[in-house]
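Here are the chains, one letter per residue:
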Amino acid sequence: MRGRRLHSNAINRLLRNFYRDVSGNIAILYVFMATVLFFFVGGAVDYSRLNAVRADMIESMDAAGLAVARLSVSDTSLSDAKLNDYGKKFFIANFKQAKFVDNLDITFDLSNSAVITPCVQGQLKTYLLRVVHIEDFDMHTCVEITKLGSGKVELALVLDVTGSMGSYVGGFKKIDSLKTAVGQLLDV
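Since this is a predicted model, take the numbers as computed values, not measurements.

### Things to note about the nonpolar core
At step 1: Phe91, Phe108 and Ile116 are the most contacted members of the largest nonpolar core, which has 22 residues in total.
At step 2: When residues of this core are traced back to their parent elements, those giving at least two are helix H2 (25-74), helix H3 (80-94), strand E1 (101-109), strand E2 (115-125) and strand E3 (136-142).
At step 3: Of all the elements, H2 adds the most residues to this core, at 7 residues.
At step 4: Contact partners of phenylalanine 108, with chain neighbours within four places excluded, come to Ala64, Gly65, Val68, Asn84, Gly87, Lys88, Ile116, Thr117 and Pro118.

Okay, structure coming up:
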């Protein structure tokens, strides 16, 4: 009986010492923070990759939309199906990240005679966020291309306000030449 009590006391003392010991707390904190840090780093890596693929996708859509707009204006006999096929091929040729995007679907809305609207959608697989069950990012991008000769043109003019517009070139004040040129531009 006495052996049991000594054994029980030894176990109680060991448990009390274990409970009071704080030297292992750093390991628990490290495991917790490493998990959180991995989540944030994984999110940053996958999100940066998403932005790079999306930027390439938008550039490729712009190029394909402009190519389809140019072709539709130069050859009005082409059907919408042929223009759509041409646009898809043009997009795939320019989209360098296509191998990373699953279920890639490209459409060209040619219903409006003045505007072409190419749209792309697909899923980009994640690398590190799969650990937290985020398997992929849904991507959906549309751009709008106005055909040549149809619709308004957005134009921005920049004026030098450093005082140099007060000087003369060829006998004319620069600011007066600028006003004349802007008037002519707006008439066009």
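### Some remarks on the packing of aromatic side chains
At step 1: Taken as a whole, this structure holds 3 aromatic pairs when the rule is applied.
At step 2: Taking the centre distance of 5.7 Å and the plane angle of 65° together, the rings of phenylalanine 39 and phenylalanine 40 count as edge-to-face.
At step 3: In this structure phenylalanine 40 comes out as exposed when scored by relative accessible area, which is 55%.
At step 4: With a centroid separation of 6.0 Å and an interplanar angle of 45°, the aromatic rings of tyrosine 86 and phenylalanine 90 are classed as tilted.

### Some details on the confidence of the model for the chain
At step 1: Confidence in the prediction of the chain, expressed as mean pLDDT, is 85, and 92% of residues score 70 or more.
At step 2: The weakest mean pLDDT in the chain belongs to helix H1 (residues 2-20) at 73; the strongest belongs to H3 at 93.

### Here we look at the pattern of salt bridges
At step 1: Inspection of every chain in the model, using the stated rule, returns 2 salt bridges.
At step 2: Note that lysine 125 is salt-bridged to aspartate 136, the shortest N-O span being 3.9 Å. Of the two residues, lysine 125 sits in strand E2 while aspartate 136 sits in strand E3, which places them 11 residues apart along the sequence.
At step 3: The class of lysine 125 is partly exposed, set by a relative accessible area of 33%.
At step 4: What emerges from the salt-bridge pattern is a single network uniting Asp102, Lys125 and Asp136.

Conventions adopted
- Residues numbered from 1 in each chain as written.
- Predicted model: local features only at pLDDT ≥ 70, side-chain atom pairs only at ≥ 80, totals over all residues.
- Heavy atoms only, no water.
- Core = buried A, V, L, I, M, F, W, Y, C linked by side-chain atoms within 4.5 Å.
- Buried < 20%, exposed > 50% of the residue type's maximum accessible area, 1.4 Å probe, protein only.
- Helix = DSSP H or I, 4+ residues; strand = E, 2+ residues; numbered from the N terminus.
- Contact = heavy atoms within 4.5 Å.
- Phe/Tyr/Trp six-rings, centres within 6.5 Å; stacked < 30°, edge-to-face > 60°.
- pLDDT = per-residue confidence, 0-100.
- Salt bridge = Lys/Arg side-chain N within 4 Å of Asp/Glu carboxyl O.

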